[in-house]
Amino acid sequence: MKVMVFVKATKDSETGVMPSEQLLAEMGQYNEELAKAGILLAGEGLHPSSKGVRVKFSGTERTVTQGPFTPAQELVAGYWLWQVDSMEEAIAWVKRCPNPMSGESDIEIRPVFEAEDFGEVLTPELREQEDRIRAQIETRQQE
């Protein structure tokens, strides 16, 4: 199963406080362990929401709002995409993670939808389209 692992933002991460060299080294080691275990598919840190935008959808209308956004604890400061056997395995890996922030912090784990989760509404044609898109992405990544 795929899971998205969110590192929740804090007041410090939202004001642009950068991690220490020690934390970067610890997270680098942790990411190496994830990669060696074949779990890590992707992962990045994110700039504060002050550098981001939100696009609100209301029917056919689109409204763009510049950051920063609040409250900080509802925002994401970074993420991983993992391939694991179970939610229990994902939890065990998160428990091994260095604390990603200088104070208290939260990490949220959420399953990623798989094709079979959509049942009959994912028609054979839609499934073929999804397969084509994934193949295009893989080709670009290999280039």
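These figures come from a predicted structure and were not determined experimentally.

Parameters at a glance
Residues numbered from 1 in each chain as written. Predicted model: local features only at pLDDT ≥ 70, side-chain atom pairs only at ≥ 80, totals over all residues. Heavy atoms only, no water. UniProt positions renumbered as here; feature names shortened; annotations may be inferred. Helix = DSSP H or I, 4+ residues; strand = E, 2+ residues; numbered from the N terminus. 1 Å grid on protein atoms, 1.4 Å probe; cavity = no way out; pocket = protein on both sides within 12 Å on 5 of 7 lines; lining within 4 Å. Points joined across faces, edges and corners; volume = space filled by probe spheres on them. Nonpolar A, V, L, I, M, F, W, Y, C, P; charged D, E, K, R; others polar. Pairing = 2+ DSSP bridges. Axes fitted to C-alpha atoms, helices over the stretch in contact; angles between N-to-C directions.

### Topic: the UniProt feature "domain: YCII-related" (unreviewed entry) in the protein
Alright, step 1. As annotated in UniProt, the feature "domain: YCII-related" (unreviewed entry) corresponds to residues 1-112 in the numbering used here.
Alright, step 2. Note that residues 1-112 is 27% helix and 34% strand, and that its end C-alpha atoms are spaced 8 Å apart.

### Observations concerning the layout of surface pockets
Alright, step 1. In this structure, the largest pocket occupies an estimated 840 Å³ of space.
Alright, step 2. Lining the largest pocket are 31 residues, with Pro19, Gly45, Ala77, Pro100 and Met101 sitting closest to its centre.
Alright, step 3. If one sorts the elements of the lining of the largest pocket by residue count, strand S2 (residues 40-45) sits on top with five residues.
Alright, step 4. As a volume, the second largest pocket reaches approximately 300 Å³.
Alright, step 5. Contributing to the lining of the second largest pocket are 14 residues, with Phe113, Glu114, Ala115, Glu130 and Arg134 lying nearest its centre.
Alright, step 6. Looking at side-chain class alone, the lining of the second largest pocket contains seven nonpolar, one polar and six charged residues.

### Thoughts on the sheet that holds S2
Alright, step 1. Pairing is antiparallel across the open sheet formed by four strands, whose spatial order is S2-S5-S1-S6. With partners counted over all chains shown, the strands left at the sheet margins are S2 and strand S6 (107-111), one partner each. Direction aside, the axes of adjacent strands within the sheet are offset by 15 degrees on average.
Alright, step 2. As judged from the five bridges shared by S2 and strand S5 (residues 76-83), these two strands associate in the antiparallel manner.

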